[in-house]
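# Residue-level structural notes
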Amino acid sequence: MTVRDIVRWPDPRLSTVCAPVAAIDADLRVLAADMLETMYAAPGRGLAGPQVGAMSRIFVMDTDWKEGTPAPLVFINPAIDTRSAARATQTEGCLSIPGVSAEIERPAEVTVAWTDLEGARHVRAFTGFAAACVQHELDHLDGIVTFDYLTPDTRARLEAEYAEAVQ
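Residues numbered from 1 in each chain as written. Predicted model: local features only at pLDDT ≥ 70, side-chain atom pairs only at ≥ 80, totals over all residues. Heavy atoms only, no water.

### Digging into unusual backbone geometry
A negative phi holds for most residues other than glycine; trans holds for most peptide bonds. Put simply, the test is: In this text, helices come from DSSP runs of H or I with a minimum length of four residues, and strands from runs of E with a minimum of two, each type numbered from the N-terminal end. Remark: exposure states derive from per-residue accessible area (1.4 Å probe, protein chains only) relative to the maximum for the residue type, with buried under 20%, exposed over 50%, and partly exposed in between.
Between Trp 9 and the following residue, Pro 10, the backbone shows a cis peptide bond with an omega angle of 15°. Take Pro 10: it is sitting in the segment before helix H1 (26–41). Along the chain, Ala 42 connects to Pro 43 via a cis peptide bond; the corresponding omega equals -15°. Here Pro 43 lies in the loop between H1 and strand S1 (46–48). The backbone of Asn 77 sits at a positive phi, close to 50°, despite the residue not being glycine. Within the secondary structure layout, Asn 77 lies in strand S3 (residues 73–83). For Asn 77, a relative accessible area of 24% gives the class partly exposed.

Pasting the structure below:
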């Protein structure tokens, strides 16, 4: 496994819609393993393909590992089936926009369908932080970053903070 470089905003790949994964093969398995290794090393709780330059609909997530209970998931060609009407606000950070976090409001619960590395299909409901994380990573596959949810004033302020931090 290899820790890959994380693509940083405003790289145009972070604003690009990713292509569906066509086949689960050895290269995809290596990519998934590398993504998990990169996510843990960052240290993050989710990482999407475009964040490591892979423009495919794949992301990895492990919302429990920092509490000592690793539970890594690999999502291939994920899609949200249902979104709750209830909303929740979480403080979200992003490995591609280090040092910046923002309050983002999203559906409090989502049901996601995806394929795993063995080709098995899954459908699962996510709530709380896991719901925010899965939606955040799915956003990356659709070319959406945290900044895209902010009001113009908040976005300008956080973009300026980010620009200052990365100089």
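### Re the nonpolar core
How we decide: The nonpolar core is taken to be a set of buried Ala, Val, Leu, Ile, Met, Phe, Trp, Tyr and Cys residues, with the residues joined through side-chain atoms within 4.5 Å.
Counting 17 residues, the largest nonpolar core has Ile 58 and Val 74 as the members making the most contacts within it. Of all elements in the fold, only H1, strand S2 (58–61) and S3 reach the threshold of two or more residues within this core. Top contributing element to this core by residue count: H1, with 6 residues. The next biggest cluster of nonpolar side chains, apart from the first, holds 16 residues, and it includes Cys 18, Phe 126, Ala 131 and Leu 138.

### Quick word on the environment of Ala 22
Tracing the chain through its elements places Ala 22 in the segment before H1. Under the relative-accessibility criterion, Ala 22 is labelled exposed at 86%. Considering only alpha carbons, one finds Ala 22 and His 140, 118 residues apart in sequence, at a separation of 18 Å.

### Quick word on helix H2 (residues 128–141)
Which entries qualify depends on this criterion: Expected helix span is taken as 1.5 Å per residue step, with the number of steps being one fewer than the number of residues.
End to end, H2 covers 21 Å across 14 residues, agreeing with the expected 20 Å (1.5 Å per residue, within 8%). With 12 of its 14 residues buried, H2 lies for the most part within the structure. For H2, the full list of buried residues reads Ala 130, Ala 131, Ala 132, Cys 133, Val 134, Gln 135, His 136, Glu 137, Leu 138, Asp 139, His 140 and Leu 141. Of the residues flanking the end of H2, it is Gly 143, one or two places downstream, whose phi is positive at about 75°.

### Quick word on the sheet that holds S2
Sheets are built from strands that pair by backbone hydrogen bonding, the pairs being arranged parallel or antiparallel. We apply this condition: Pairing between strands requires that DSSP locate at least two bridges from one strand to the other. A fitted line through C-alpha atoms serves as each axis, taken over the contacting stretch for helices, and the angle formed by two N-to-C directions is quoted from 0 to 180°. The contact rule is simple, with two residues in contact once any of their heavy atoms fall within 4.5 Å.
Strands sit in the order S1-S2-S3-S6-S7 across an open sheet of 5 strands; the sheet is antiparallel. Two strands lie at the open edges of the sheet, namely S1 and strand S7 (121–127), each paired on one side alone. With strand direction ignored, the average angle separating the axes of adjacent strands in the sheet is 40°. Here S3 pairs with strand S6 (residues 109–115) via 5 bridges, running antiparallel. Considered in S6, the bridge of Thr 82 is made with Thr 111. Contacting S1, S2 and S3, H1 crosses the sheet at an angle of about 40° to S2. Relative to the sheet, H2 contacts S1, S2, S3, S6 and S7, its axis offset from that of S2 by approximately 155°.

By themselves, these observations are geometric and do not establish any function.
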